[in-house]
Structure formats: structure tokens, C-alpha cells
Amino acid sequence: MKIFDFLKNTANNDSTQFNRRKFINFGCACCFTTVGLISKAQAQIPEVQKHLNAARVAAGKDLLPYLKLAEVADPALRDPKSLTPQQLMALPAPPPGKAFDNLYFVGSKWVSCWAITTSDGIILIDAMDNDDEAEHIIEKGMREIGLDPAQIKMIVVTHAHGDHYGGVGYLKRRYGPGIHFSEIDWQMMSTQLEFDRPYWGRPPKRDPSKDLALRNGDVIQLGNTKIEVMLTPGHTVGTISLLFDVHQGQKTYRTFLWGGTAFNFGMRPERMSRIQSYIDATDKARQIALQQNIEVFISNHNGYDEAVEKLATIRAQSQVGKNPFVIGAQATYRALTVMHECATATQIAWQNTKS
Ligand SMILES: [Zn+2]
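### Some remarks on unusual backbone geometry
Of note, the phi angle at asparagine 293 is positive, near 50°, even though the residue is not glycine. Even without a glycine there, the phi angle at glutamate 306 is positive, about 55°. Tracing the chain through its elements places glutamate 306 in the loop between helix H12 (302-305) and helix H13 (307-316).

Following this line, the structure appears as C-alpha cells:
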């Protein structure tokens, strides 16, 4: 389907949709996998296919979205029907929802924003693309599900790409929360952005009196809630992933929010070290998944964790049933293994690139 037809089909009178749709001509956003850089011959190298097969086995039938990463090593695997980030942004936002007693989703079909409620206010994880989305999806969505945006005390941003920090400016002006990035990504934003798009809000400037520059192993605390920070470089050099507890009734589940999934380095010279750090981070993380019994594995793009579909399942339950976000530690291990094996296959294909 041509983009014009797509837009016509998704047109509605909502001004928010109009504002987001008009951005569609500006090229692809940061977190989409980069495809087409590896030739058919490189993709067919037996070592590449061996790791892609290992990824397929790890994905089973329940973790197929993570196999999108395989298309970087083997462009033949690309699904021609998959929508671009711009097309996903143009869709009406899905309804906000409650995943656990203390974890809520407010996001679009493209990018997620998670709200963690604590005894002393709300922590947001990421802030979407721009002011418009912060106002019409995050702020409006929070009100719809009974959360008061004035209670936002912190925004933790997983990495310095605009689809995660673009809405920070709006929320900062309205509510004055602390803005927390990794030290490395604060540095990246203050010098040279890796990616920028005209439809992204401007990167925030750090106020050292209240904005944290996070390092691996740091613990963020608000009220009764602690979030452990793990540096998981690759997607950006300073990408952070977050470990925390979620609650449902009397039950508590250890949760891992992965901060940057796609291999979007293109053919930049440092791609080999970036993918190696991703390979190392996913290996370390899957060991932690078993050690800490991490039963919930979520993402900041719901194309991976299928958060929108899982929330629809919860909404359709007539009484509290099995929570689809609780996948178990073995499945968390497998998801990280899919990512790890796809990254390894991509690295081998790149090693066999002449250019
Ligand atoms: Zn990104």
C-alpha cells in the first residue's frame, strides 16, 4: 500500500492525528531496524544461518516479534507487510492500560511510555516523540486511566533517541520532574546527536541539581519503589535497561524493561564494537534473568513485547485471570537469546562485508 493510500485510509478528524500524520514524509525514525545493507551471499554464510536458526529455536511460537531482528543479517526475511515507524505513528493511539497494580502503559503503536506508581508519585519511563504526543497520548492517557500527571516526579529515559526523549520538554515545563539518562547518553546529547528527526522534540539539557546521570548498578528510588539500572550498550552507547518489581494483588514479579532493541547502526565505522557490546549485554542480561527469576520482560517499543495486544487480553477478561505479561524467567531468557543470536549473526555478516 502506498503511503498516501495508507494515510487516506487512516484519516480522521482528530487534530492530534493530523499533527502526527503530517510528519510522515521525513524519513525513518531511530529504532527501526536497518535493512538492505547485507547481501544475499553474506546472509547465506553458514555461520550466519546457524545463529539465525538458534534465534528461531529460542523464539518458539511465543516470542516471534523479536525475530524482526533477524532481517538485518538476512534481508530476505523482511516482512514486506510490516509498517514503518511513521505509519505506526499515524495510527490512532491504542487505549492506555493497566498491566499491573503499579505499572501502566500510555503509548502509541510505535513507541511505549510506561508509568510506575509509587508511594511518593509517578515515575515515567520514556516520553515519546514530541510535545504533541506527550500532551495527547501520555498526559491524556494517564487521566483516562485515573493517574494524575501532576504526580510525575521523575522521567527515566532509556536512551538518547528522540522517540524516547522528544516529549520530555513538554512534561518538564508542565510538571518539573527530574530527568534521568545515563551519563553516557547525556554526554552524547550535549555534543552530537546520533540521529535527529524534524518531528522529534529537542533533547533536554541537564539540570545537575535534579537530573541524574546514571551509571551501571545505580539504584533510583522514589517512595517505596526502587529501580535498578543496568547499562546495556549497543543501541546507543549509553542505553540503560531497568529492573524493578511489579505487583498484582499479593504477588510480586521481577521485571526487566529492555532499553534499546534494534540494530540501527547502519554501516557506521563503530558498528562492530556496538554490536559486540550488544552481544555482551544480552548475554549478561539473560544470566540475570535466571538469577533474579525475571518473569516479566517488557520493551519501550510494543512491536516487541506486544504490550498493546496483552492489554487488550487483560481488558477482555471478565475476572482477574492469568496476566499475559508474566511470561516466566525461561521465556525472558529466550527473548534475550533471540536478540543475542540475531546480533551475533549480524556481526558475522558484517565481518564478511568488503566495504
Ligand atoms: Zn532508539
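### Regarding the sheet that holds strand S5 (residues 152-156)
Reading across the sheet, the seven strands line up as S1-S2-S3-S4-S5-S6-S7 and stay open at both edges, with mixed pairing between neighbours. Edge positions in the sheet fall to strand S1 (97-100) and strand S7 (213-214), since each of these pairs with one other strand and no more. Where strand S3 (residues 114-118) lies against strand S4 (residues 121-125), five bridges are found, and the strand directions are antiparallel. Bridge pairing in S4 links isoleucine 116 to isoleucine 123. Across the face of the sheet, helix H9 (residues 168-175) comes into contact with S5 and strand S6 (178-182) while running at roughly 160° to S5.

### Focus on the sheet that holds strand S9 (residues 225-231)
Pairing is mixed across the open sheet formed by five strands, whose spatial order is S8-S9-S10-S11-S12. In this open sheet, the two edge strands, each paired with only one partner strand, are strand S8 (219-222) and strand S12 (294-299). Across the sheet, the axes of successive neighbouring strands diverge by a mean angle of 30°, strand direction being ignored. In this structure, S9 lies alongside strand S10 (residues 240-248), joined through four bridges in antiparallel fashion.

### Examining the confidence of the model for the chain
The predicted model of the chain has a mean per-residue pLDDT of 89, with 89% of residues at 70 or higher. Low pLDDT, under 50, characterises residues 1-28; the predicted model gives this stretch 28 contacts beyond four residues in sequence or across chains.

### Here we look at H9
Along H9, the residues that are buried comprise Val168, Tyr170, Leu171 and Lys172. For H9, the secondary structure elements touched by its buried residues are helix H7 (131-144), S5, helix H8 (162-165) and S6. Count one or two residues on from H9 and you reach glycine 176, which has phi positive near 60°.

Reading the values: the criteria
Residues numbered from 1 in each chain as written. Predicted model: local features only at pLDDT ≥ 70, side-chain atom pairs only at ≥ 80, totals over all residues. Helix = DSSP H or I, 4+ residues; strand = E, 2+ residues; numbered from the N terminus. Pairing = 2+ DSSP bridges. Contact = placed C-beta atoms within 7 Å. Axes fitted to C-alpha atoms, helices over the stretch in contact; angles between N-to-C directions. pLDDT = per-residue confidence, 0-100. Buried ≥ 20, exposed ≤ 12 C-beta atoms within 10 Å, placed from the backbone.

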